[in-house]
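Residue-level structural notes
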Amino acid sequence: MHRIVIFGNSGSGKSTLALARSASLGCPLLDLDTIAWEAGTETPTRRSLEASRSAIHEFVHSAESWVLEGCYADLLELAMPHATEVVFLNPGTETCIENARQRPWEPHKYSSPAAQDANLAMLIAWIRDYEQRVDEFSYTAHRSLFDAFQGRKRELQSNEREDPVW
């Protein structure tokens, strides 16, 4: 049984690692972006914590093994008691920015590649602010989650992994 929670800054490689782990284990993957935001709203609006909590509860009880990834400490905290291992991706701000510049179009987040590109400057500013923020998306929140977890855990400070599926 593998129940893996992967988290870190935007651009840290969470989605890439989560996809690789999910594929290697043949288990479901939950990208928290898909349950953190209200669908179809003109202005991005966070879903209620209760709605997200329900979706996470359903997911973590849906299969023996799973992978869950995201940057929302308030939502990650709901999954952590069910996890058998956690991975904190912390490759540094400049690596995250470069990854954001190189990321392929994410159709589950943006209506077109142009819409994604139009958001890049805001995303880079967001990434740069990671260590100064004090919200649920911050380094401080992620560090607290990682330090408190009592099971198997790894902090990866590079995207260069000998075994990308661990």
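These lines cover the structure that appears in this document, whether it is placed above or below. All values reported here derive from a predicted model rather than from experimental measurement. (Residues numbered from 1 in each chain as written. Predicted model: local features only at pLDDT ≥ 70, side-chain atom pairs only at ≥ 80, totals over all residues. Heavy atoms only, no water.)

Before going further, it helps to spend a moment on the pattern of salt bridges. Scanning the entire structure with this criterion turns up 10 salt bridges. Salt-bridge contacts for Asp-74 lead to Arg-46; the nearest nitrogen and oxygen are separated by 3.1 Å. With a gap of 28 residues between them, Asp-74 in helix H4 (residues 73–79) and Arg-46 in the loop between helix H2 (33–36) and helix H3 (49–60) connect regions that are remote in the sequence. Among the residues examined, Asp-74 registers a relative accessible area of 22% and is labelled partly exposed. Among the residues examined, Arg-46 registers a relative accessible area of 24% and is labelled partly exposed. Residue Arg-103 is joined to Glu-106 by a salt bridge in which the shortest nitrogen-to-oxygen separation is 3.6 Å. Given a relative accessible area of 11%, Glu-106 falls into the buried group. If you follow the salt bridges from partner to partner, you end up with Arg-21, Glu-85 and Arg-152 in one network. (Salt bridge = Lys/Arg side-chain N within 4 Å of Asp/Glu carboxyl O. Helix = DSSP H or I, 4+ residues; strand = E, 2+ residues; numbered from the N terminus. Buried < 20%, exposed > 50% of the residue type's maximum accessible area, 1.4 Å probe, protein only.)

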